[in-house]
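A look at the structure
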Amino acid sequence: MTRPLLLTGGRVIDPSTNTDAELDLLVVDERVMAVEQGISGPDDAVRISVEGLVVAPGLIDVHVHFREPGGEHKETIRTGAKAAAAGGFTTVWAMPNTDPPLDDPAAVGYVREEARRWARKGEGGARVSPVGAASKGLAGEQMTEIGGLVEAGAVAVTDDGYPIADPLLMRRLLEYTQRFDIPVLQHAEDMALTAAGVMNEGAVATELGLRGIPNVSEAAVVARDMFLAELTGGHVHIQHISTREAVGLIARGRERGVRITAEVTPHHIALTEEAVRGYRTEAKMNPPLRTEQDRLAIRQGLIDGVIGIIATDHAPHHYEEKEREFDDAPFGIVGLETALSVCVTELVSTGDLTLSQLIDRMSCAPARTMGIDGGTLQPGSPADIVVFDPDVKWSVDPGQFHSKSQNTPFVGKEVRGRVRWTIVAGEIRYEGEA
Ligand SMILES: [Zn+2]
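Residues numbered from 1 in each chain as written. Predicted model: local features only at pLDDT ≥ 70, side-chain atom pairs only at ≥ 80, totals over all residues. Heavy atoms only, no water.

**Let's talk about the overall build of the protein**
Formally: Strands are runs of DSSP state E lasting at least two residues, helices are runs of H or I lasting at least four, and both sets are numbered from the N terminus onward. In this description the radius of gyration comes from C-alpha coordinates, and the expected globular size is given by 2.2 Å times residues to the power 0.38. With a 1.4 Å probe rolled over the protein chains alone, any residue whose accessible area is under 20% of its type maximum counts as buried; one over 50% counts as exposed, and the rest are partly exposed. By definition in these notes, contact holds between two residues if any of their heavy atoms fall within 4.5 Å. Accessible surface is estimated by sampling points in the Shrake-Rupley manner with a 1.4 Å probe; for residues, cover comes only from the protein chains shown. Charged residues are defined here as Lys and Arg on the positive side and Asp and Glu on the negative side; His and the ends of the chain fall outside this count. Think of each charge as sitting on NZ of Lys, CZ of Arg, CG of Asp or CD of Glu.
The helix and strand inventory of the protein stands at 13 helices and 19 strands. At 21 Å, the protein has a C-alpha radius of gyration in line with the 22 Å of a compact globule built from 434 residues. Oriented by its inertia axes, the alpha-carbon framework of the protein measures out at about 65 × 45 × 45 Å. By residue count, 61% of the 434 residues in the protein fall in the buried class. When contacts within the protein are restricted to residue pairs at least 6 apart in sequence, those whose partners lie at least 24 apart make up 74%. For the protein, the exposed surface amounts to about 16,500 Å²; the carbon and sulfur share of it is 47%. Counting 42 positive and 64 negative side-chain charges, the protein places the averaged centre of each group 1 Å from the other.

Below, the structure written as structure tokens:
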């Protein structure tokens, strides 16, 4: 049993309770006990003065790749969970495209238990919830046994890395997942349209002599899945939105009451295809970085709430793999340890979102949308908390990452805002420097 914890004098921002005030917060028995002014607290409480810092519900990331089993040289469940905690995340959803994939109950159960095992040893980070594969072997043909996966701890299903391409399979998934009240997460990409593309289709790709991926590759699948969600009543969640067309489609679907939700990554908010110049493989990702027009549309979607959630798509790759020629390098970048700072810099410092709105997109909204127990500091809720300095400036140094991988396009970027403490179930799982 951990000792009670008393955080004093912080600026508590909890959009779930419309709170933004200087308050103390008391944690007892892994739960938030009180959020009030002038809590004296039990005598045995660990007291931390957090004056000048923001105290918020722990961040939730519904899209990470931890590579275990099969890719432990890139990331493990342990290092991934620690990287997540260092980024202020208290719950993350691990994607099933491991080797072998998480397409049976044993594999799903392993991911959940592995994270818990390290936590019991005092080596824990964020809570790790496994996402099950939607199709066996991620082959896009035969549906997995979803009931068994859910029983083993799966919180959603997806074939991420690949799209669920077969429309009939998607329809059946949207019908069947309703029994378990879980979403189908879709990596929206028509791979026939993507062909062998490696970056956004357009002028920059032409200049660089690289094959392009058109916007319609994403938009066509979003449109189809919106209609399938409408037909079935199921919940489709579109991962890593990158195009203005997709934002428009989702806005229309939501107006009609379709259960379609979406996420955007910090890198699609911050960067465009220009970042690829110089054949920089750390700017190679799928979906690709798009044009300025797309970037602005996505930001607006996030501001308006059409896109409710920020998710990192944390995709660790080994240095040597990213050193290959652009065509041959793998897609993806790490994101857990830069997400909050990049978003504070790109969205809050610019006046586009308030801190409270940002915390909503990174914590409350994922909890609300996906039915996750968290995203709130309401007394009685799990004591999953992030404490961060919203003003401090620092520059991104991947050498300091807790992740096993360092593939980030934000090397050397001057950012604002840094995590000081991450608390999971009332236990300090990360303490950063002042
Ligand atoms: Zn994906």
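Further notes follow.
**With respect to the domain arrangement of the protein**
Our working definition: For the domain bounds, the source is a domain assignment made automatically or taken from a database. Salt bridges are identified by distance alone: a Lys or Arg side-chain nitrogen within 4 Å of an Asp or Glu carboxyl oxygen. Polar contact is defined as a pair of N or O atoms within 3.5 Å, subject to the rule that within protein one atom must be able to donate a hydrogen and the other to accept it, and that residues adjacent in sequence are counted only when both atoms are side-chain atoms.
Domains assigned within the protein are domain 1 (5–54 + 383–431) and domain 2 (58–370). In this complex, domain 1 contributes 37 residues to the contact, which on the side of domain 2 involves 50 residues. Taken together, the links from domain 1 to domain 2 amount to two salt bridges. Lys-413 serves as the salt-bridge partner of Glu-346, at 2.9 Å between the closest nitrogen and oxygen. At the boundary of domain 1 with domain 2, the tally comes to 19 residue pairs in polar contact (both at pLDDT 80 or more).

**Points about the pattern of salt bridges**
Enumeration according to the criterion identifies 25 salt bridges in this entry. Of the charged contacts, one joins Arg-117 and Glu-114 as a salt bridge, the two residues approaching to 3.1 Å between their closest N and O atoms. Residue Arg-117 and its partner Glu-114 are located together in helix H2 (residues 105–120), separated by three residues, close to a single helical turn. Relative accessible area serves as the criterion here: at 33%, Arg-117 is assigned to the partly exposed category. Of the residues examined, Glu-114 reaches a relative accessible area of 8% and is grouped as buried. Taking the shortest distance from any N to any O, the salt bridge between Arg-244 and Asp-294 comes out at 3.0 Å. Of this pair, Arg-244 sits in helix H8 (residues 244–255) while Asp-294 sits in helix H10 (residues 292–304); the two residues are 50 residues apart in sequence, bridging distant segments of the chain.

**Digging into the pairing of strand S15 (residues 260–264)**
Along a regular strand, successive side chains alternate from one face of the sheet to the other. What counts, and what does not: Any two strands with at least two DSSP bridges between them are considered paired. Looking down the strands as they point away from the viewer, one classifies a crossover as right-handed if the path from the first strand across the helix to the second runs clockwise.
Within S15, five of the five residues are buried, which leaves the element mostly enclosed by the surrounding structure. Pairing analysis gives three bridges linking strand S14 (residues 236–238) to S15, with the strands arranged parallel. Looking at the pairing, Ile-238 lines up with Ala-262 of S15. The β-α-β motif built from S14, the intervening H8 and the parallel element S15 has right-handed crossover chirality. In the sheet, S15 pairs with strand S16 (residues 309–310) via two bridges, with the strands oriented parallel. When the sheet's bridge partners are listed, Glu-263 is paired in S16 with Ile-309.

**Details of the sheet that holds strand S10 (residues 157–158)**
For the record, the criterion: Comment: axis = line fitted to C-alpha atoms, over the contacting stretch for helices; angle = value between 0 and 180 degrees taken between N-to-C directions.
Strand order across the open sheet formed by six strands is S9-S10-S11-S14-S15-S16, with parallel pairing between neighbours. The open sheet is flanked by strand S9 (132–133) and S16, the only strands paired with a single partner. Two strands pair when backbone bridges link them, and S9 and S10 are joined in this way by two bridges, in the parallel orientation. The partner of Gly-132 across the bridge, within S10, is Val-157. Sheet strands in contact with helix H4 (residues 167–176) are S10, strand S11 (184–186) and S14, and its direction is about 145° off that of S11.

**Overview of the coordination of the zinc ion**
Tetrahedral coordination by four donors puts the ideal angle at the metal at 109.5 degrees, and octahedral coordination by six puts it at 90 or 180 degrees. Test applied: Distances up to 2.8 Å from the metal define which N, O and S atoms are donors, and 3.2 Å serves for Na, K and Ca; water is absent from the atom set, so sites may look incomplete.
Coordination of the zinc ion by the protein comes from Asp-160 (OD), His-187 (ND1) and His-240 (NE2), over a distance range of 2.0 to 2.2 Å. Read from N- to C-terminus, the donor residues coordinating the zinc ion fall into the pattern D-x26-H-x52-H. Taken together, the residues His-187 in the loop between S11 and helix H5 (191–194) and His-240 in the loop between S14 and H8 connect sequence positions 53 residues apart. Across this residue pair, the class does not change: His-187 and His-240 are buried.

**Observations concerning helix H1 (residues 77–86)**
An α-helix turns once per 3.6 residues; consequently, residues spaced three or four apart project the same way. Among the ten residues that make up H1, eight are buried, leaving the element largely enclosed by the rest of the structure. Of the positions making up H1, those classed as buried are Ile-77, Thr-79, Gly-80, Ala-81, Ala-83, Ala-84, Ala-85 and Ala-86. Contacts made by the buried residues of H1 are with strand S7 (89–94), H2, strand S8 (127–130), strand S18 (414–424) and strand S19 (427–431). One or two positions beyond H1, positive phi appears at Gly-88, with a value near 95°.

**Examining the packing of aromatic side chains**
Between two aromatic rings, the relevant description is the distance of the centres plus the angle of the planes. Counted only if it meets this: Any two rings among Phe, Tyr and Trp, with Trp reduced to its six-membered ring, count as a pair given centres within 6.5 Å; such a pair is stacked if its planes are under 30 degrees apart, edge-to-face if over 60, and tilted if neither. Sitting over a ring, as applied to charges here, requires NZ of Lys or CZ of Arg to be within 6 Å of the ring centre and within 35 degrees of the ring normal.
Scanning the model with the defined rule gives one aromatic pair in all. Plain terms: the ring middles of Tyr-176 and Phe-180 are 5.6 Å apart, the flat faces sit at 75° to each other, and that makes the pair edge-to-face. Residue class for Tyr-176 comes out partly exposed when judged on its relative accessible area of 26%. In this structure, Arg-117 is placed above the aromatic ring of Trp-118, and the distance from its NZ or CZ to the ring centre is 5.0 Å. When the ring centre of Trp-118 is taken as origin, the NZ or CZ atom of Lys-121, which lies over that ring, is 4.4 Å away.

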